[in-house]
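# Tertiary structure, described
Each chain, written out:
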Amino acid sequence: MPSTPHAPHALVTGGGRGIGRAIAASLARQGMTVTALGRQRPALDQAVAAGDAHFPDVADVAIEASIAAAIARAVERQPIDILVANAGAAESAPFAKSDAALFARMMDINFMGVVHSIHAALPSMKTRPSGRIVAVASTAGLKGYAYVSAYAAAKHAVVGLVRSLALELATSRITVNAVCPGFTDTDLVADSIDNIMKKTGRSREQAVAELARHNPQGRLVTPQEVADAVLWLCGEGAGAITGQAIAVAGGEV
């Protein structure tokens, strides 16, 4: 799919699968030029081949030099108007078994990955008439869950960053927001389901129900529902929305 000349340039981290790919596809369908970043080139190439993005690039958001180089390459093609910091990972363990290395991994990917992405993209965004930064956090950034203290701490940090940076950029026409999905039907949640089955002996249906019970609607959220919230925040009509952490969770929060 060719990019549209002079269309807004959106960059999505973790854009090769799950929520990130749904976001990239939604932005592309709105006529934006989309660069998808991720660690797995085959998934990124598949997204481009399917028309869900225009440009792929391999980067690890946890490594500052890696994400900075990838975003610099994207900026060379076209300045960035929209940054969706979506890349993330989740590990679960009781707190007593959550060592410093686990906390560091969760912070590096889920929090510092957002910091690195914004640091790299913001100078380009400031040259544009307006800009949108959206971090994909989690309901774990708004409340606690047992056995994911490191992940929840990192996502809380993302929400704090969004609220603070929004105030710094309030007069710049750049908005900064977070979307906070509940348990969503993605590969990441599939891994959690497998973990529940392994540790408890429950069936897949029982494991899915264990996660879905957190949602008052009694189901998993879909990636497209998260993408729709991001798409709205990136639109012209959301210019007065900044510093918000919007739950997409069926009323859980």
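Scope of this entry: the structure provided in the associated data block. Not measured: the values here are computed from a predicted model.

### Looking at the layout of surface pockets
The calculated volume of the second largest pocket comes to roughly 340 Å³. Classifying every residue of the lining of the second largest pocket by side-chain character gives five nonpolar, five polar and five charged.

### Focus on helix H3 (residues 64–77)
In a regular helix each residue adds 1.5 Å, so 14 residues correspond to 20 Å; H3 covers 20 Å between its end C-alpha atoms and thus fits that length. Turning to H3, the residues buried within the fold contact strand E1 (9–13), strand E2 (33–38), strand E3 (55–58) and helix H4 (100–125).

### Digging into the sheet that holds strand E7 (residues 245–248)
Reading across from one edge, E3-E2-E1-E4-E5-E6-E7 is the order of the seven strands in this open sheet, with parallel pairing throughout. Only two strands of the sheet have a single neighbouring strand rather than two, namely E3 and E7. Each neighbouring strand pair of the sheet contributes to a mean axis angle of 20°, computed without reference to strand direction. Relative to strand E5 (residues 131–136), strand E4 (residues 82–85) runs parallel, the two being bridged by four bridges. Note that in E5 the partner of Ala 85 across the bridge is Ala 135. Docked against the sheet, helix H2 (residues 41–49) engages E2 and E3, running at close to 175° with respect to E3.

Analysis parameters
Within each chain, residue numbers correspond to sequence positions counted from 1 in written order. With the structure being a predicted model, the display of local features is reserved for residues of pLDDT at least 70 and the display and counting of side-chain atom pairs for 80 or more, all residues being used for whole-chain, interface and lining totals. As a rule here, side-chain values come from all non-hydrogen atoms in the structure, and water together with hydrogens is ignored. Grid points spaced at 1 Å over the protein atoms alone were grouped into cavities, where a 1.4 Å probe fits but cannot get out, and pockets, open sets with protein on both sides within 12 Å along at least five of seven lines, with lining residues defined by an atom within 4 Å of a point. Grid points are joined across faces, edges and corners, and a volume is the space filled by probe spheres set on the points. Amino acid classes used here: Ala, Val, Leu, Ile, Met, Phe, Trp, Tyr, Cys and Pro are nonpolar; Asp, Glu, Lys and Arg are charged; the rest, including Gly, are polar. Runs of H or I in DSSP of at least four residues are treated as helices and runs of E of at least two as strands, each being numbered from the N terminus. What a helix should span is 1.5 Å times the count of its residues minus one. It only takes one pair of heavy atoms within 4.5 Å for two residues to be counted as in contact. Whether two strands pair depends on DSSP finding at least two bridges between them. Under this scheme, a helix contributes an axis fitted over its contacting stretch, all axes are lines through C-alpha atoms, and angles between N-to-C directions fall in the 0 to 180 degree range.

None of this, on its own, says anything about what the molecule does.
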